[in-house]
Amino acid sequence: MQRPTGAGIDVTPTAGPIIRAAGLTKRFGDFTAVDNLSIEVQPGTIFAFLGANGSGKSTTIRMLIGLLQPTAGSIEVDGIDVIQHPRKVRDHIGYMGQKVSLYAGLSLRENVDFYAGLYGLTGEQLQQRWGALRERFSLGDTEDEKSEDLPAGIRQRAGLALSTLHQPRVLFLDEPTAGVDVYNRGLFWELIQDEAHAGVTVFVTTHFLEETDYCDWACFIDAGRVIANDTPEQLRRRYSVGYRVELTLPAGHHDRCAAVLSAIGGPLTRTVNGVQITVPTLEPRVLDTLEVATTACPEAQVHIEQAEMTDIFRRVLTETAKGT
Amino acid sequence: MTDLASGKSPGPHPEEAAEESAAPEALIRLRGLRKRYGRRIALNGIDLTLEGRQIVGIVGPDGAGKTTLIRSLAGLLEIEAEEATALGHDLRGDVTAYKAHVGYVPQAFSLHRDLSVMENLRFTARLQRLPPQDFTQRSKELLARTGLTPFVDRPAGALSGGMKQKLAVANALLFRPQLLLLDEPTAGVDVMARAEIWAMLERERAAALIIMSTSYLDEAEHCDQLVYLDGGRVVATGTPAALRAGVAIELYRAWGDNPRGIAQAARQLAYVDGARATGRFARVEVRRQTTPGAARVLHDLRALHGAGVRFAEARPLDMESVLLALASSRAWQPASTQREAGNGKDAGRSR
């Protein structure tokens, strides 16, 4: 199994997928909401599950966490057969739904105590765990506030903290950044990345396609079917020209730089200001060659342009519609 | 680089002849607009003047008051204000006549699910007393533009999310309103329909004042003007370019094999405000007050060899930086100490 690049995770690829769905199907009468969906999620990775409202996304998640029985197919989460043991899986995982489930009228701390009770976390163990989470998620000042008074960003972080209270190995987050401002969205993704770095597997859905770049893997669903399923890097390679690298060079260096870069292969353009080359991925060979070129010419300025994820997914949809 | 509607680059909108050349330009003037729901203060003194034919984007986090502001402008709420004038009408008074000039698309689909596409449009036309010939022509035009012509007889409830929203927009445009209000019209809509809806709005830009709330950065970028709301107040307004110019941040990218490691290392640099891994690079923000200058920053980033930095570049500010700067400048106070009439600006920063 290909290990995602650029993720900085230290999980051995041979551990096997921690979430596995095969041939997952859900029909409501005549309507097929999810159609023969198969996905695998590697441990300690952030798996982005993307799709518009009505694409089958929510139905899929509900099946994955044992809230809905599939019509066909199999699901395994952290070694548990979800179809046979739906309640067991829900005790085992962390879940954060679209509307953060904090009880109004209770303070944040009271919510923590309530959820801790559900998970069987008490006493010293709870104190330590909540203390650590409170610190890491910057929730310190807000414990005593009524949950309905918490601003959106803090609510989101609180929701995430509660979902990890019992230290599950797998987190399911359903649109965790909806309704949150850009600043808090960024903070939130840092927290998710920290969790993954610590070995937690995060299955996350989002409407903000650019958030795919925070993740190790992206699966795009449309009309109940998977239409893209790969690393962000590979999606960029397949559905865009990749990366356009521009080197702005002082006079006299253009020829030499162009000669070095031509080793990469691929379209190379000479411009008034320097050299431009388009590469499908930033693989080691490409990076090494670029580094040689810029080391030979220290005044070179590098600019790299890449397609936005929105454009990439638009292309995925267009090509799927064409049947390519 | 990115264009929502087509391959063309947007640029400033041209002064095309408006379809409604006789209609006066929409003018909205709000001073001290307040709205409270029981104990909760949704709008805490909005001061805003909007005029001309353009697309105005209302941005800000959930709970900022975006929906309440739009609903106030739609004449749906009882409000308090020192002044609240729209299209020459006082929003604090009888808004019946006013609403005939306003198209409104709420966040949730609010058309009749069991009526067909055409029946929905006809229903609206009747409510608006649109003359039959106008209706025939206008509906044909809008159906063609939305790609809904093949679906005219389909019940609205059976349309996909994107098509529902397109129908809602077409419905609001039926009687050529001077003012078009949309509350997150593309939220959760598939990526193709989002572009199509945006294209529809761009076409109307020369004919109406369009005010829409959005949480999509690419849509905010393409608005003529932005209004940033937080805590029920206007924090900032301006063109995207003007707001960008006011952001005292420098943006860099450090590329390498281990963007998360790079982000962590970059955060150790004293002058770095924030660094985050995304894709194959770390996005690094430096506050202008503390920057040692681009040359030094680039040098320091490149020197993070241990973290695997291969190149660093200086970047022009993007909408994310702008909204980040606006979001992090707001202060949050616990409810227990919140002052009702306070403006929140002088409370301390919370990070």
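For clarity, every value in this text was computed on a predicted model and none was experimentally measured.

Some points on the overall build of chain A
Logical step 1: Regarding its fold elements, chain A presents 10 helices and 14 strands.
Logical step 2: Projected onto its principal axes, the C-alpha coordinates of chain A cover approximately 70 × 50 × 35 Å.
Logical step 3: Burial status across chain A gives 48% buried among its 324 residues.
Logical step 4: Contacts in chain A between residues far apart in sequence, at least 24 positions, make up 71% of those at least 6 positions apart.

Examining the sheet that holds strand β3 (residues 46-50) of chain A
Each strand in a sheet pairs with its neighbour through backbone hydrogen bonds, running either in the same direction (parallel) or in the opposite one (antiparallel).
Residue and element names in this part refer to chain A.
Logical step 1: Sheet architecture is open: six strands sit in the order β6-β7-β8-β3-β9-β10, paired in mixed fashion. For this open sheet the edge positions go to β6 (94-96) and β10 (225-230), each flanked by a neighbour on one side alone. Neighbour-to-neighbour, the strand axes of the sheet open up by a mean angle of 15 degrees, direction not taken into account.
Logical step 2: Pairing between β3 and strand β8 (residues 201-206): five bridges, direction parallel. Residue phenylalanine 49 lies in a different strand from β8, and its bridge partner there is threonine 205.
Logical step 3: Against the sheet, helix α1 (residues 57-64) contacts β3, β7 (170-174), β8 and β9 (217-222), and its axis sits at roughly 155 degrees relative to β7.
Logical step 4: Strands in contact with helix α5 (residues 152-163) are β6 and β7; relative to β6, the strand with the most contacts, it is inclined by about 160 degrees.

Quick word on the domain arrangement of chain B
The extent of an interface is frequently quoted as the accessible surface area lost upon association of the parts.
Logical step 1: Along its sequence, chain B is organised into domain 1 (27-239) and domain 2 (248-316).
Logical step 2: Relative placement of domain 1 of chain B and domain 2 of chain B: their C-alpha centres are 40 Å apart.

Quick word on unusual backbone geometry
All names here are of chain A.
Logical step 1: Of note in the backbone geometry, asparagine 36 takes a positive phi value of approximately 55 degrees without being a glycine.
Logical step 2: For asparagine 36, the position within the fold is in strand β2 (residues 31-41).
Logical step 3: Its 14 C-beta neighbours within 10 Å are what place asparagine 36 among the partly exposed residues.

Remarks on the nonpolar core
Logical step 1: If you look at the biggest cluster of nonpolar residues, it comprises 150 residues, and the most contacted ones within it are Phe47, Leu64, Phe172, Val202, Phe203 and Cys219 of chain A together with Leu181 of chain B.
Logical step 2: The element best represented in this core is helix α6 (residues 182-197) of chain A, accounting for eight residues.
Logical step 3: Those residues in contact with leucine 64 of chain A that lie beyond four places of it in its chain are Ile19, Ala21, Ile75, Val77, Val82 and Phe172 of chain A.
Logical step 4: Counting 35 residues, the second largest nonpolar core, distinct from the first, contains Leu249, Cys257 and Val302 of chain A together with Ala254 of chain B.

A word on the sheet that holds strand β11 (residues 249-256) of chain B
Residue and element names in this part refer to chain B.
Logical step 1: Read across the sheet, four strands follow the order β12-β13-β11-β14 without closing on themselves; strand pairing throughout is antiparallel. Of all strands in the sheet, those with a lone pairing partner are β12 (272-278) and β14 (309-315), marking the two edges. Neighbour-to-neighbour, the strand axes of the sheet open up by a mean angle of 20 degrees, direction not taken into account.
Logical step 2: Pairing of β12 with strand β13 (residues 281-287) involves six bridges; the strand directions are antiparallel. Directly across from arginine 276, in β13, lies its bridge partner arginine 283.
Logical step 3: Here helix α9 (residues 259-267) sits on the sheet in contact with β11, β12, β13 and β14, set at roughly 175 degrees to β12.

Section: helix α11 (residues 319-328) of chain B
Logical step 1: With 10 of 10 residues buried, α11 of chain B is to be regarded as a mostly interior element.
Logical step 2: Listed as buried for α11 of chain B are Met319, Glu320, Ser321, Val322, Leu323, Leu324, Ala325, Leu326, Ala327 and Ser328 of chain B.

A look at the interface of chain B and chain A
Logical step 1: Listed as interface residues are 38 residues of chain B and, on the opposing side, 43 residues of chain A.
Logical step 2: By residue number, the principal contributor to the side of chain B that touches chain A is α11 of chain B, which donates five residues.
Logical step 3: The class makeup of the residues in the side of chain B that touches chain A is 16 nonpolar, 12 polar and 10 charged.

Quick word on the environment of threonine 68 of chain B
Logical step 1: Among the secondary structure elements, threonine 68 of chain B is positioned in helix α1 (residues 66-73).
Logical step 2: The spacing of threonine 68 of chain B and arginine 34 of chain B is 34 residues in sequence and 9.8 Å in space, taken between C-alpha atoms.

Reading guide: rules and limits
- Residues numbered from 1 in each chain as written.
- Chains lettered and ligands numbered in written order.
- Predicted model: local features only at pLDDT ≥ 70, side-chain atom pairs only at ≥ 80, totals over all residues.
- Helix = DSSP H or I, 4+ residues; strand = E, 2+ residues; numbered from the N terminus.
- Buried ≥ 20, exposed ≤ 12 C-beta atoms within 10 Å, placed from the backbone.
- Contact = placed C-beta atoms within 7 Å.
- Pairing = 2+ DSSP bridges.
- Axes fitted to C-alpha atoms, helices over the stretch in contact; angles between N-to-C directions.
- Domains from an automatic or database assignment.
- Core = buried A, V, L, I, M, F, W, Y, C linked by C-beta atoms within 7 Å.
- Nonpolar A, V, L, I, M, F, W, Y, C, P; charged D, E, K, R; others polar.

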